[in-house]
Amino acid sequence: MKEWTLLGILVRVVLILLTMQSSSDGFVCEKDAIHCHTSLIIDNAFTMIDPINGPLFVDEGTLRPISQPDKEVSIENVITADGWNTTLPLLTANKSMPGPPIFLYQNQTITIIVQNNLINEAVTIHWHGIDQLGWPAMDGVAFVTQCPILPGQFFNYTFQPRFSGTYWYHSHVGNQRDMGLYGAFIVLKREGEVPINNQHIIHLQEWNHKFGPITLLKANLNNTSSSSESILINGKGEFENNEAPHEVFQLDKSNSHLFRMIGVGSADVLLFSVPGIPLIVKETDGYPFVPKTVNEIIIYPAERYDFELDLKNIREGVYNMTVHILERKYLEKRQNVFGLGLINITNSLSLPVNSSASTSNIKTVLNCPFEVFPNETKIECIPVSFLKSRPSFRLEFDIIPPTQETFTHFLNFGFPKEKEYSSINGKKFIWPTVSALTQPSELNTSCANCDAETSCECTHALNLKSGSEIIMVLSNIGTGAVITHPIHMHGHTFEVLKMGFPSVNETGFLIPNNDIQCSPTLANNKSQCNNATWRNATWNDYRSIPNINVEDPVRKDTIVVPYGGYSIIRIWATNPGVWFMHCHIDQHMIEGMALMLNESFENIGDLPIGLQTCHNFKNQPSAPKSFFQASEENISEMSSATIGLIVTSVILFLALVILSLILLRTCRKLGEPGQSLNMPMSSIHGRE
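Presented here is an overview of the structure given in this document. The shown structure was predicted, so the numbers you read here are calculated from the model rather than taken from an experiment.

1. Points about the pattern of salt bridges
Overall, the coordinates contain 23 salt bridges when judged by the stated rule. With a shortest N-O distance of 2.7 Å, E495 and R570 are connected by a salt bridge. Here E495, found in strand β34 (residues 494-500), pairs with R570, found in strand β41 (residues 566-572); they are 75 residues apart in sequence, far enough to count as distant. Considered together, E495 and R570 belong to a single accessibility category, that of buried residues. Look at the salt bridges and you will find they share partners, linking D285, E303, R304, K556 and D557 into a network.

Listed below in C-alpha cells is the structure:
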C-alpha cells in the first residue's frame with residue numbers, strides 16, 4: 001500500500017467527495033477510468049412505508065396508505081418485501097433493499113466510502129468473492145480484518161478487482177445481512193460483455209415478516225412461525241396470494257440478455273427455474289465453465305450463477321420465474337411457500353420460433369448435493385464438481401511464488417455430540433475482540449482443550465505455510481452431520497477437485513460416504529470426526545484419488561459440502577492475509593462454524609496508515625486515596641529509600657523551625673529598653 005502525506009490525503013478526500021455517487025439506482029464506473037469513487041450510506045429503512053404517505057397496505061396489487069385508503073402510491077420509493085401490512089425495520093445501503101448495484105471493469109481501482117448513519121449499531125461491508133490480492137485490510141470482516149465502523153464513522157474501502165464476474169457486498173457484523181444490508185457488485189469484462197442494460201440481477205432470499213432476524217436468532221419461539229413465510233426476488237414477493245408487487249424483467253429475443261443470480265438468503269436452499277424455458281448456465285461465483293443447459297438450479301446462500309435463457313423455441317409473452325424452498329438433507333420441496341417473478345419476452349425483429357422443442361419428462365438440475373436425487377426418478381443431477389472450466393481460462397493468483405510443498409487439511413463441519421457446538425473439527429469459533437490483522441500479538445488462538453473426540457470453544461485459526469499447495473477435504477460426517485453446508489472462503493477462489501456423495505438405497509434413504517475414516521477406534525457414526533484421515537492411505541497423495549480432476553476443475557468461492565459426504569478443494573497459500581472461512585448459513589456462522597486462515601502472515605505488506613485498532617478494556621485503576629486514608633499496609637510497602645527521604649525531610653524541617661525560634665528570641669532581646677543597636681565608636685575609628 002502507498003503511504004500518503006497529510007496533504008495528499010486531504011486532496012484525495014476532496015476528490016472523493018466531489019466525484020462520488022450515492023444513489024439507490026446504482027453506480028457505473030466509466031470504462032476508461034483508472035480510479036472510480038462512490039459511497040454507501042448505511043441507515044435504517046422500513047418495509048411498507050412510503051416517505052410521504054406513511055404506512056401502506058396492498059389492495060389487489062396496488063399500494064395504498066392506511067390513512068388514505070382511496071389513494072394509490074407508487075412503488076418507486078417503497079420496500080414492499082412480501083406486502084405484509086406490518087412494518088419491519090431494516091438495515092440498508094442507501095435506504096434500499098437490495099442496496100444499489102455497483103458496476104466497474106476488471107483491473108479498475110475503486111474507492112467506496114461506507115458511512116455508518118445507524119444510531120445503535122456498528123457495521124462493516126464485505127466484498128463477497130473478491131480475493132483482495134494485495135489488499136488484505138479491505139475484506140470487511142469485523143474483528144478479523146478491521147475494527148467495525150461505529151455509528152457516525154466512515155471507512156474508506158479501496159481495492160482493485162482483477163477478475164470479471166458476479167460478486168456482491170453485504171454486512172459482516174452478526175446477521176445484519178438478513179436485515180437487508182446487501183447488494184450486487186459486478187465486475188465487467190473489458191471485451192465481449194453483454195450491454196449493461198441487458199444484464200439482469202436476481203437477488204434471491206427467504207423472508208419472515210413476523211419476526212426480525214435477531215428475534216429469530218435469539219428468542220425462544222418454540223418453532224412457532226419461525227420458518228420462512230415467503231421468498232423475495234429483488235426485495236419483492238407475495239404472501240398467500242396477497243397480490244403484492246412482483247419483480248418484472250423485460251427482454252427481447254433479438255438481443256443477448258444475461259441473468260446474474262445471487263443467493264443473498266440467510267439459510268434456505270432454493271430451487272430456481274423459468275418453467276418452459278431452458279437455462280444456459282455459463283459462470284458460477286464469477287468464473288466461467290463449459291456451458292450447461294439445465295431446467296433448474298439449486299442455489300445455496302452466497303452462491304452465484306450466471307445464465308442466459310434459451311429462447312429459440314419461445315414465443316412472445318409473459319413467463320413465470322419460480323423459486324421453491326428445499327428442506328432438510330433430502331431437499332424436499334416445501335409446498336406452502338412459493339417465490340414468483342415475471343419475465344416479459346418480446347420479439348421486435350419477429351424472429352422465427354423453432355417448433356421442434358424437446359418434450360422430455362426428465363428435468364436436469366444443476367448443483368445437486370448428491371449424484372442421484374432421493375425419491376425422484378425424473379431428475380438428472382449435475383453436481384458442480386461435474387463442471388469443467390473453459391480450456392483457455394488461466395489465472396494468476398500469486399503475490400509470493402508458489403513452492404513445491406503440499407499440505408492436506410481435513411475440516412469437518414457439523415454439530416458433534418455431546419455439546420452439539422456449531423463447529424469445525426469440534427472447535428466452536430469465538431470471535432476475537434481485537435482486529436486479528438492489525439493486532440496479532442493480542443490474539444489468543446490456542447485450542448488446547450480440543451481433541452479427537454472432545455469439542456471446545458476457541459478462536460480457531462489454521463496456519464497456511466507461505467507458497468504451499470493446500471488441499472482441503474471439507475467433510476460433513478460423524479455425529480454432527482445434519483444438513484448440507486455452503487462453505488465460503490475469503491481471500492481466494494478455489495478449485496473443486498472432487499465431491500464425495502452419500503449413496504441412495506432403494507427406499508430413498510441416504511447412506512453416508514465411507515471414504516473418510518473419522519477415528520481408528522470408533523465407527524464414523526459414533527465419532528465427532530475431529531481428526532479425520534483417508535480410509536485408503538494411498539489417497540494421502542491426492543493425485544491418486546479416483547476421479548479427481550486436476551486438469552480443468554471449476555472454480556468457486558462457496559462450495560456445497562454434502563450431508564454424509566465431502567468436497568476436495570485446492571488453493572495455493574500465495575495471498576498473504578488473515579482470511580475468514582465459514583458456513584454461510586448465518587446462524588451456523590454466528591454460533592461458531594468458522595475459522596481464520598492465517599496465510600503467509602510474515603509477507604503481509606504495509607497496511608494503510610491510520611487503520612483502527614480495538615480491544616476490551618479490562619484493567620481499570622482504583623480511585624486514588626487521600627494521605628490520611630493510606631493504610632499501614634501501604635506504608636509498609638514503601639521502599640527504604642522513600643522512608644529515608646521522608647525522615648531526612650522531617651529532621652531538616654524541625655532544625656529550620658528551631659533555628660527560626662532562636663533567631664526570633666535574639667531579636668526580641670535586642671529590642672528591649674536600654675539596649676542600643678548602635679555599634680561602639682571604637683569599632684569605627686579604632687582605639688585611641
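2. Here's the deal with the side chain of E238
Turning to its location among the elements, E238 is positioned in the loop between β14 (230-233) and β15 (248-252). K236 provides the closest opposite charge to the buried, salt-bridge-free E238, at an N-O distance of 14 Å. In this structure the side chain of E238 is engaged in a polar contact, spanning 3.3 Å, whose partner is the backbone nitrogen of E243. In terms of polar contacts, E238 uses its side chain to reach the side chain of H246, at 3.4 Å. Once you skip the residues sitting within four places of it in the chain, E238 turns out to touch D82, S230, E243, A244, H246 and L340.

3. Describing the environment of N242
Tracing the backbone shows N242 in the loop between β14 and β15. Excluding anything up to four places from it in sequence, N242 contacts V58, D82, G83 and W84.

4. Some thoughts on the packing of aromatic side chains
Under the defined criterion, the tally for this structure stands at 18 aromatic pairs. An angle of 50 degrees between the planes, with centres 5.8 Å apart, marks the rings of W127 and Y169 as tilted. With W127 in strand β9 (residues 125-128) and Y169 in strand β11 (residues 165-171), this pair connects stretches of sequence that are 42 residues apart. Side by side, W127 and Y169 carry an identical accessibility label, which is buried. Measuring from ring centre to ring centre gives 5.6 Å for W127 and F185, while their planes differ by 55 degrees; the resulting arrangement is tilted. In this pair, W127 is assigned in strand β9 and F185 in strand β12 (residues 182-188), connecting sequence segments 58 residues apart. Given a relative accessible area of 0%, W127 falls into the buried group.

5. Concerning the nonpolar core
In terms of nonpolar packing, the biggest core is built from 79 residues, with I202, F272, I298, F307, L309, M472 and L474 touching the most fellow members. The dominant element in this core, judged by the number of residues it contributes, is strand β22 (residues 317-327), at five residues. For I298, the residues in contact, after removing those within four places along its chain, are V269, L270, L271, E303, Y305, L326, L331, V365, L366, N367, C368 and F373.

6. Things to note about the state of the cysteines
For the structure on display, the rule yields five disulfides. A sulfur-sulfur separation of 2.0 Å characterises the disulfide bridge that pairs C447 with C458. Taking the torsion about the sulfur-sulfur bond, which here is approximately 90 degrees, the covalent link between C447 and C458 counts as right-handed. You can see C447 sitting in the loop between β29 (427-429) and β30 (456-458) and its partner C458 sitting in strand β30, a full eleven residues away along the chain. Taken as a pair, C447 and C458 share a single burial class, namely buried. The residue that forms a disulfide with C518 is C529, at a sulfur-sulfur distance of 2.1 Å. Taking the sign of the S-S torsion, about -80 degrees here, the bridge from C518 to C529 comes out left-handed. Here C518, found in the loop between β37 (516-517) and β38 (533-534), pairs with C529, found in the loop between β37 and β38; they are eleven residues apart in sequence, far enough to count as distant. Summarising the burial analysis for this pair, C518 and C529 share the class buried. Numbered in order of appearance, the disulfide-bonded cysteines of the protein are paired 1-2, 3-10, 4-7, 5-6, 8-9.

7. Notes on the sheet that holds strand β43 (residues 594-599)
Taken in spatial order, the five strands make up an open sheet running β31-β43-β42-β33-β40, and their pairing is mixed. Only two strands of the sheet have a single neighbouring strand rather than two, namely β31 (461-464) and β40 (558-561). Sheet twist, expressed as the average angle between the axes of neighbouring strands with direction ignored, equals 25 degrees. Across three bridges, strand β33 (residues 485-489) lies against strand β42 (residues 577-583) in antiparallel orientation. Bridging across to β42, H488 finds its partner in H582.

8. Brief notes about a nonpolar patch on the surface
There is a patch of nonpolar side chains on the surface, built from F653, L654 and V657 and spanning about 280 Å² of accessible area. Assessed through its relative accessible area of 54%, F653 is described here as exposed.

9. Examining the environment of T377
Mapped onto the fold, T377 is located in the loop between β25 (363-366) and β26 (379-382). Residues T377 and K363, 14 residues apart in the sequence, show an inter-C-alpha distance of 9.7 Å.

10. Some points on the sheet that holds strand β5 (residues 62-65)
Strand pairing within a sheet occurs via backbone hydrogen bonds; the two strands may be parallel or antiparallel. The strand order across the open sheet formed by three strands is β3-β4-β5, and the pairing between neighbours is antiparallel. At either margin of the open sheet sits one strand with a lone partner, and together these are β3 (49-50) and β5.

11. A look at the side chain of E303
By the element assignment, E303 lies in the loop between β20 (296-299) and β21 (304-309). With relative accessibility at 0%, the residue E303 sits in the buried group. Engagement of the side chain of E303 in a polar contact is seen with the side chain of Y305, the distance being 3.2 Å. Beyond its immediate chain neighbours, meaning those up to four positions away, E303 contacts M261, I262, G263, D285, I298, N367, K556, T558 and V560.

12. Quick notes on unusual backbone geometry
At the junction of M97 and P98, the peptide bond is cis and its omega measures out at 0 degrees in the coordinates. Topologically, P98 is positioned in the loop between β6 (89-93) and β7 (99-105). For the peptide bond that leads from K417 to E418, omega is 15 degrees, which places it in the cis range. Here E418 shows up in the loop between β27 (406-414) and β28 (423-424). Residue E60 is not a glycine yet carries a positive backbone phi of 50 degrees. Looking at the element boundaries, E60 is found in the loop between β4 (54-59) and β5. In this structure, N234 takes a positive phi of about 55 degrees despite not being glycine. Inspection of the secondary structure assignment puts N234 in the loop between β14 and β15.

Thresholds, definitions, all that
Residues numbered from 1 in each chain as written. Predicted model: local features only at pLDDT ≥ 70, side-chain atom pairs only at ≥ 80, totals over all residues. Heavy atoms only, no water. Salt bridge = Lys/Arg side-chain N within 4 Å of Asp/Glu carboxyl O. Helix = DSSP H or I, 4+ residues; strand = E, 2+ residues; numbered from the N terminus. Buried < 20%, exposed > 50% of the residue type's maximum accessible area, 1.4 Å probe, protein only. Lys, Arg positive; Asp, Glu negative; His and termini not counted. Polar contact = N/O pair within 3.5 Å; in protein donor to acceptor, adjacent residues only side chain to side chain. Contact = heavy atoms within 4.5 Å. Phe/Tyr/Trp six-rings, centres within 6.5 Å; stacked < 30°, edge-to-face > 60°. Core = buried A, V, L, I, M, F, W, Y, C linked by side-chain atoms within 4.5 Å. Disulfide = S-S within 2.5 Å. Pairing = 2+ DSSP bridges. Axes fitted to C-alpha atoms, helices over the stretch in contact; angles between N-to-C directions. Patch = residues over 30% accessible without salt bridge, like charges linked within 9 Å, V, L, I, M, F, W, Y side chains within 5 Å. Areas by Shrake-Rupley, 256 points an atom, 1.4 Å probe, with all protein chains shown as cover.

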